[in-house]
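# Per-entry structural report
Single-letter residue listing:
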Amino acid sequence: MPAQPHDNAPVNLTLASRPDLRHDWSLEEIEALFALPFNDLMFRAQQVHRAHFDPNAVQVSTLLSIKTGACPEDCKYCPQSGHYNTGLGKEKLLEIEKVVNQAKAAKEAGASRFCMGAAWRSPREKDLQVVMEMVSQVKALGLETCMTLGMVDVDQAKRLSEAGLDYYNHNLDTSPDYYGEIITTRTYADRLDTLANVREAGMKVCSGGILGMGEAPRDRAALLQQLVRLEPHPESVPINMLVKVPGTPMENAEDLDPLEFIRAIAVARILMPKSHVRLSAGREQMNESTQAMAFLAGANSIFYGDTLLTTGNPQVERDRALFDKLGLHPEQRETCADDEKAEAALEAAMRERQDDAMFYDASEA
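Only a predicted model underlies this, so the values are computations on that prediction, with no experimental measurement involved.

Conventions adopted
Residues numbered from 1 in each chain as written. Predicted model: local features only at pLDDT ≥ 70, side-chain atom pairs only at ≥ 80, totals over all residues. Heavy atoms only, no water. Helix = DSSP H or I, 4+ residues; strand = E, 2+ residues; numbered from the N terminus. Buried < 20%, exposed > 50% of the residue type's maximum accessible area, 1.4 Å probe, protein only. Polar contact = N/O pair within 3.5 Å; in protein donor to acceptor, adjacent residues only side chain to side chain. Phe/Tyr/Trp six-rings, centres within 6.5 Å; stacked < 30°, edge-to-face > 60°. Lys NZ or Arg CZ within 6 Å of the ring centre and 35° of its normal.

### Here's the deal with unusual backbone geometry
The peptide bond linking Glu231 to Pro232 adopts the cis configuration, its omega dihedral lying at -5°. Position of Pro232 among the secondary structure elements: in the loop between helix 8 (217-229) and strand 7 (236-241). A positive phi is found at Asp173, a non-glycine position, where the angle reads about 75°. A residue is classified by how much of its surface remains accessible, and Asp173, at 2% relative accessible area, is buried.

As structure tokens, then:
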């Protein structure tokens, strides 16, 4: 018996074809995109992707944890939370020289952006001084810079921007309605305020969420709606698959169907056509076919390297082999300085500061 036509397909396809940059998507419109036949959704996402990006280019970032563990927040997915016993020890803030050396290695491995993350609720003054210097010296290598340090106020955001920080990452995690099931020590409004402070300071926004935390399909649509409402849209949108870490309340969460994850990537691409959609945490658990489908759905950014803060990430050689199989290549980005001049300036700066208080061995009090 021949398949019956999908009664709602014409309406849904019309929704997917509406003007590019919108901030007023209704929840019902977004749910209609999620409900499209899978092939139709992928086709629309690929059309949007090709209209704005090289379809075979992937922006490559490397992420380094510059201060690990003992975070006072109670995010139920996070191994760095001090509320859970995950076997992750408290570590001190890395010295600047170590961070710069890691950034150099990342650039040599093909990364165009270097991201630094610290397990804080928000940075303290003496720590902010150190991370500003990290930004300045990593930027001098010709890399784009990104940081995630928890909540920042207007003044902190402006100082980070003045130091040369290009991107600030602060995820919304999930929908407003489901948020209280995941974290209680920080409100949704707190997160939105930090993003507003980052924008006011002139930095680019990196913000996304985590899927597979027990949320309903409507929560995934509502998360994307919150991101779409940001003006402008986040330049980078990480879509994470939950990494179930033993010792966290999420360690036994039910696995999310990979096709539902791919749907979220595709809908994010349609809603935010000019944003880089990042295939982020959870790639270690994805096979090559799932990753390939994510790229087809419009993902065009990844983290490159062996670890993603404290969880596993596909190794560089595996990523290179996958890129070769799929005919993908790293996106070429304009860098902020000539390499030779940058190296010379960096070495001079480090000689001047090697005995400086900037290299103090900071740790969370």
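Resuming the write-up.
### Quick word on the side chain of Glu29
Turning to its location among the elements, Glu29 is positioned in helix 2 (residues 27-34). Side chain to side chain, Glu29 and Arg22 meet in a polar contact 3.0 Å long. In this structure the side chain of Glu29 is engaged in a polar contact, spanning 3.0 Å, whose partner is the backbone nitrogen of Ser26.

### Some thoughts on the packing of aromatic side chains
Here the structure, examined in full by the defined rule, presents two aromatic pairs. Seen in terms of ring centroids, Tyr179 and Tyr188 are 5.1 Å apart; in terms of plane orientation they differ by 90°. Their pairing is edge-to-face. Geometrically, the ring pair formed by Phe295 and Phe323 is edge-to-face, given 6.3 Å between the ring centres and 90° between the ring planes. Taken together, the residues span a long stretch of sequence, with Phe295 in helix 10 (residues 288-296) and Phe323 in helix 11 (residues 316-326) at a distance of 28 residues. The ring of Tyr167 carries the charged tip of Arg113 above its face, separated from the ring centre by 3.8 Å. The ring of Phe303 carries the charged tip of Arg278 above its face, separated from the ring centre by 4.5 Å.

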